[in-house]
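Letter by letter, the chains look like this.
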Amino acid sequence: MKIAFMGTPEFAVASLKRLVEDGHEIVGVFTQPDKPGNRKQLKMPAVKEYALSKNLPVFQPEKMRGEEPLSLLRSLAPELSVVAAYGQILPEAIIAVPPLGTVNIHASLLPKYRGAAPINRAILDGENETGVTLMYIASRLDAGDMICARRTPILPEDDAETLFARLAGIGAELLSETIPAIAAGTAPRTPQDETRATYAKMLSRELSPIDWSSPAQRVIDHVRGLVPWPCASMLLDGKTVKVWHAERGGATNDAPGTLRASKRGIAAACGDGNCIFVTELQPEGGKRMSASAWLNGKRVSAGTVLA
RNA sequence: CGCGGGAUAGAGCAGUUGGCAGCUCGUCGGGCUCAUAACCCGGAGGUCGAGGGUUCAAGUCCCUCUCCCGCAA
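Only a predicted model underlies this, so the values are computations on that prediction, with no experimental measurement involved.

**Student:** Just give me the short version of the pattern of salt bridges, but keep the residues and values in it.
**Tutor:** Counted according to the given criterion, the structure contains 15 salt bridges. The partner of Arg 260 in a salt bridge is Asp 254, with the nearest N and O atoms 2.5 Å apart. Among the charged side chains, a network of salt bridges with common partners joins Arg 114, Arg 140 and Glu 194.

Pasting the structure below:
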């Protein structure tokens, strides 16, 4: 089948890859323009990198609105458009181009967690289940009719990175399995229950600081929900320290925010009388490292209290 | 020319006004212990990121370069 693909980050690559492996003809890959990455260098989206490696035609319009992208897409004559974390709202005209429609792979169980950061938000909220929904695109954000969905548990040891990877795989699978029905016109269309819709707002750096008055589990969810960006953080000696990984500890009498060095990592007291062990962190200007390595150089005096 | 931090033993760091290169962990050997991720004693391990300059003497001061990281998402 002739398919146009629109996607940008790593999450979308699994689906594009699957389409290629299934033998579909990818008539065009639309992805966001290269953005400044670290220190001046332009960084290309993960999807572009993959597309180039397969010699697929790549297009990076600034906007999908306007005549130019529209006539471009028409000239490619896709039968179906597949969207996965593209990063732009698509105009009606673009959505209407392929005769079989425009479908979207969204990393949540819609109508919950519509929007930009469904995976992270699900973890932050302490959910124990999420999934992927395949849907037809409507003009309103993630509000289109659903075709099918697949659930997966959020395991205690999951963080946003592992969950991203798993959901990307599930999304690719779901897409691959459902395309025949879409082609045959037998794919179901289930409207979303608007009354149960929730939104997953985009992440920002302001979310980083850890609130030590929260219960231990909530702090853990905060840490694992924000990797690899913006990451949970704590302020130590006036310096921001990113927390990459933390584990549950036992009860403590220390006041919330109190730190102690220990074999398992840096024990930090939380608001509910329990503590967590920070096991992996990254100091300002430094590399990501294990807590034990960090403790070798910067000794934390027992009882340091964080804000 | 976007702003800033960094590169010193396998890892993480310290190194004052230039004057014998150090600390913690790990590692190796020995000891102690019913036992240990514990404790004690001892050892190995460094072209101080690269190149040039100043100096009797440079990890340290000056110039150039490379690489890493954070912010700007």
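Let's pick the thread back up.
**Student:** Give a detailed account of the domain arrangement of chain A, specifying residues and quantitative values.
**Tutor:** Partitioning chain A into domains gives domain 1 (2–200) and domain 2 (205–298). Taking only C-alpha atoms into account, the centre of domain 1 sits 34 Å from that of domain 2. Contacts between the two partners involve 12 residues from domain 1 and, on the opposite side, 9 residues from domain 2. Summed over the three residues of domain 1 that lose the most area to domain 2, namely Ile 123, Leu 124 and Glu 161, the buried surface amounts to 50% of that side. On the surface where domain 1 and domain 2 come into contact, there are 0 salt bridges. Scanning the region where domain 1 abuts domain 2 turns up 5 residue pairs in polar contact (both at pLDDT 80 or more). The set of elements that each furnish at least two residues to the side of domain 1 that touches domain 2 consists of α5 (118–124) and α6 (160–184).

**Student:** Outline the sheet that holds strand β6 (residues 80–84), listing residues and values.
**Tutor:** Strand pairing within a sheet occurs via backbone hydrogen bonds; the two strands may be parallel or antiparallel. Across the sheet, which stays open at both edges, the 7 strands sit in the order β5-β2-β1-β6-β7-β9-β10 with mixed pairing between neighbours. The outermost strands of the open sheet, each flanked by one partner alone, are β5 (58–59) and β10 (146–153). One ladder, built from 4 bridges, connects β6 with strand β7 (residues 102–106); its direction is parallel. Paired with Val 82 across the two strands is Val 103, which belongs to β7. Sheet contacts for α6: β1 (2–7), β6, β7, β9 (129–136) and β10; angle to β10, the most-contacted strand, approximately 150 degrees.

**Student:** Would you mind going over a nonpolar patch on the surface in detail, with residue names and values included?
**Tutor:** Taken together, the side chains of Ile 89, Leu 141 and Tyr 199 present a nonpolar region at the surface, about 300 Å² in accessible area. Along the polypeptide, Tyr 199 turns up in strand β11 (residues 199–200).

**Student:** Before we move on, can you summarise the packing of aromatic side chains with the specific residues and values?
**Tutor:** Evaluated as defined, the whole model comprises 2 aromatic pairs. Geometrically, the ring pair formed by Phe 11 and Phe 164 is edge-to-face, given 6.2 Å between the ring centres and 80 degrees between the ring planes. Of the two residues, Phe 11 is situated in helix α1 (residues 10–21) and Phe 164 in helix α6; the sequence distance between them amounts to 153 residues. Phe 11 gets classed as buried once you look at its relative accessible area, which sits at 6%. Relative to Phe 59, the ring of Phe 30 has its centre 5.2 Å away and its plane inclined at 35 degrees; by these criteria the two rings are tilted. Linking Phe 30 in strand β2 (residues 25–30) with Phe 59 in strand β5, this pair joins segments that are 29 residues apart in sequence. Classification of Phe 30 as buried rests on a relative accessible area of 0%. Taking NZ or CZ as reference, Arg 189 lies 4.1 Å from the ring centre of Tyr 136, over its face. Positioned over the ring face of Trp 244 is Arg 288, at 3.9 Å from the centre of the ring.

Parameters and conventions
Residues numbered from 1 in each chain as written. Chains lettered and ligands numbered in written order. Predicted model: local features only at pLDDT ≥ 70, side-chain atom pairs only at ≥ 80, totals over all residues. Heavy atoms only, no water. Salt bridge = Lys/Arg side-chain N within 4 Å of Asp/Glu carboxyl O. Domains from an automatic or database assignment. Contact = heavy atoms within 4.5 Å. Buried area = accessible area lost by both parts, 1.4 Å probe. Polar contact = N/O pair within 3.5 Å; in protein donor to acceptor, adjacent residues only side chain to side chain. Helix = DSSP H or I, 4+ residues; strand = E, 2+ residues; numbered from the N terminus. Pairing = 2+ DSSP bridges. Axes fitted to C-alpha atoms, helices over the stretch in contact; angles between N-to-C directions. Patch = residues over 30% accessible without salt bridge, like charges linked within 9 Å, V, L, I, M, F, W, Y side chains within 5 Å. Areas by Shrake-Rupley, 256 points an atom, 1.4 Å probe, with all protein chains shown as cover. Phe/Tyr/Trp six-rings, centres within 6.5 Å; stacked < 30°, edge-to-face > 60°. Buried < 20%, exposed > 50% of the residue type's maximum accessible area, 1.4 Å probe, protein only. Lys NZ or Arg CZ within 6 Å of the ring centre and 35° of its normal.

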